Amino acid sequence: MKLIDGGGESDAQGISAAELQALKLRAAELRAEGAGGAGTKEKEREEADCVSLIESLEGLGRQIAELLHRVVKDEAPHLDPQVRDGVPAYAREGTVIVFFQPASQLDSRYGSIGFNDEAFLDDGDFWATSFAVLAVSDKFEAKLRGLVGKAAG
């Protein structure tokens, strides 16, 4: 259904052909920015927020979070650092894959590294999705690197 308004022919929503073309052009610009402009800035802000959160942690919680951040950067650079539910998290295409929950957040005796169901950790009928962390060691780092690499795909 076409309507006539003061600016020329428009559709039922009152948008002229020129306005519609301008909207299409702007949408294309936004998509292009998302490929390397505004989307990149948003990811940079989210990473800065994640790093800031990690820096605000103390003691073992901070050590674990820093190690996880470094491991994700090395083993799964395609995961995007961000803050989700108040914890450092790393997402693939917007879906969190791995996160660190500090002991201080839940008043627990240990922090934990968790993997969501989108992580590629499937191993038969039964596998772990959360790991309690009591100390940072070379053995822990090696296991974490393997898990993050597998989970991220």
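Numbers given to residues run from 1 along each chain, matching the order in which its sequence is written. Two thresholds apply to this predicted model, a pLDDT of at least 70 for residue-level local features and 80 or more for giving and counting side-chain atom pairs, whereas whole-chain, interface and lining totals are computed over all residues. The basis for every side-chain value is the complete set of heavy atoms in the structure, and neither hydrogens nor water enter the calculation.

What am I meant to see in the overall build of the protein chain here?
Of the regular secondary structure elements, the protein chain holds five helices and seven strands. Strands here are runs of E lasting at least two residues and helices are runs of H or I lasting at least four, both read from the DSSP assignment and numbered beginning at the N terminus. In the protein chain, the order of α-helices and β-strands from amino to carboxyl end is β-β-α-α-α-β-β-β-α-β-β-α. It only takes one pair of heavy atoms within 4.5 Å for two residues to be counted as in contact. Nonlocal contacts in the protein chain, meaning residues at least 24 apart in sequence, comprise 41% of its contacts between residues at least 6 apart.

I tried to follow the side chain of serine 112 on my own but got confused; where do I start?
Residue placement: serine 112 occurs in strand 6 (residues 111-115). Classification of residues uses two cut-offs on accessible area relative to the type maximum, computed with a 1.4 Å probe and protein chains only: under 20% is buried, over 50% is exposed, and between them is partly exposed. Look at serine 112 and you get buried, because its relative accessible area is 14%. Setting aside chain neighbours within four positions, we find serine 112 in contact with Phe99, Phe100, Gln101, Ser130, Phe131 and Ala132.

What is the right way to look at the nonpolar core in this model?
When a protein is soluble and globular, its nonpolar side chains tend to lie buried together. Within the largest apolar cluster, 26 residues are counted, with the highest numbers of intra-cluster contacts made by Ile113 and Phe115. Contributing elements (two or more residues each) for this core: helix 2 (38-56), helix 3 (59-75), strand 5 (95-101), strand 6 and helix 5 (138-152). Those residues within four positions of phenylalanine 115 in sequence are excluded, and the remaining contacts are Ile97, Val98, Phe99, Leu121, Thr129, Phe131, Leu147, Val148 and Ala151. Counting residues in hydrophobic clusters, the runner-up holds five residues, among them Val87, Ala89, Ala91 and Phe99. Residues grouped as a nonpolar core are buried Ala, Val, Leu, Ile, Met, Phe, Trp, Tyr and Cys residues, joined through side-chain atoms within 4.5 Å.

What is the right way to read the confidence of the model for the protein chain from this model?
Each residue carries a pLDDT value, the predictor's own confidence for that position, ranging from 0 to 100. For the protein chain, the mean per-residue pLDDT works out to 86, and 82% of the residues sit at or above 70. Confidence drops under pLDDT 50 across residues 1-8; counting only partners more than four residues distant or on other chains, this segment forms 13 contacts.

How should I be thinking about the sheet that holds strand 6 in this particular structure?
Neighbouring strands of a sheet are bound in pairs by backbone hydrogen bonds; such pairs are parallel or else antiparallel. Strand order in the open sheet formed by five strands is 3-4-5-6-7, with antiparallel pairing between adjacent strands. Strand pairing shows two members of the sheet lacking a second neighbour, strand 3 (80-84) and strand 7 (130-133), which therefore form its edges. Each adjacent strand pair in this sheet contributes to an overall mean axis angle of 25°, direction not counted. Strands qualify as paired when DSSP identifies two bridges or more between them. For strand 4 (residues 87-92) and strand 5, the ladder comprises four bridges, and the chain directions are antiparallel. Along strand 5, the bridge assignment pairs alanine 91 with valine 96. Helix axes are fitted to C-alpha atoms over the stretch in contact, other axes to C-alpha atoms as well, and angles between N-to-C directions run from 0 to 180 degrees. Its contacts with the sheet put helix 5 on strand 4, strand 5, strand 6 and strand 7, and the angle it makes with strand 6 is roughly 25°.

Is there a simple way to explain unusual backbone geometry in this structure?
Of all residues except glycine, most have a negative phi; of all peptide bonds, most are trans. At aspartate 85, a position not held by glycine, the phi torsion is positive, near 50°. Inspection of the secondary structure puts aspartate 85 in the loop between strand 3 and strand 4. At aspartate 107, a residue that is not glycine, the phi angle is positive and equals roughly 50°.

Help me understand the pairing of strand 5 in this model?
Both faces of the sheet carry side chains from a regular strand, because those side chains alternate between them. Strand 5 sits mainly inside the fold: five of its seven residues count as buried. Between strand 4 and strand 5, which pair antiparallel and follow one another directly, the connecting turn spans two residues, one of which, glutamate 93, has a positive phi of 50°. Summarising the sheet, strand 5 and strand 6 pair through four bridges and their orientation is antiparallel. Bridged to phenylalanine 100 within strand 6 is isoleucine 113.

Quick question: what am I supposed to make of the packing of helix 3 against helix 5 here?
In a packed pair of helices, the relevant descriptors are the angle between the two axes and the axis-to-axis distance. Two elements in contact, helix 3 and helix 5, have axes separated by 9 Å at closest approach and are oriented at 50°. The orientation of helix 3 with respect to helix 5, classified from their angle, is oblique. Helix 3 and helix 5 meet at a crossing whose hand is right-handed. Here Leu67, Leu68, Val71, Val72, Asp74 and Glu75 of helix 3 lie close against helix 5, whose contacting residues are Phe140, Glu141, Leu144, Arg145, Val148 and Gly149. Of the residues that constitute the contact of helix 3 with helix 5, the class distribution is seven nonpolar, one polar and four charged. Convention used here: angles under 35 degrees read as roughly parallel, angles over 145 as roughly antiparallel, angles from 65 to 115 as roughly perpendicular, and any remaining angle as oblique. Two helices that cross are described as forming a left-handed crossing if the nearer one is turned anticlockwise from the farther one by less than a right angle, and a right-handed crossing if clockwise. Each residue gets one label: Ala, Val, Leu, Ile, Met, Phe, Trp, Tyr, Cys and Pro are nonpolar, Asp, Glu, Lys and Arg are charged, and the others, such as Gly, are polar.

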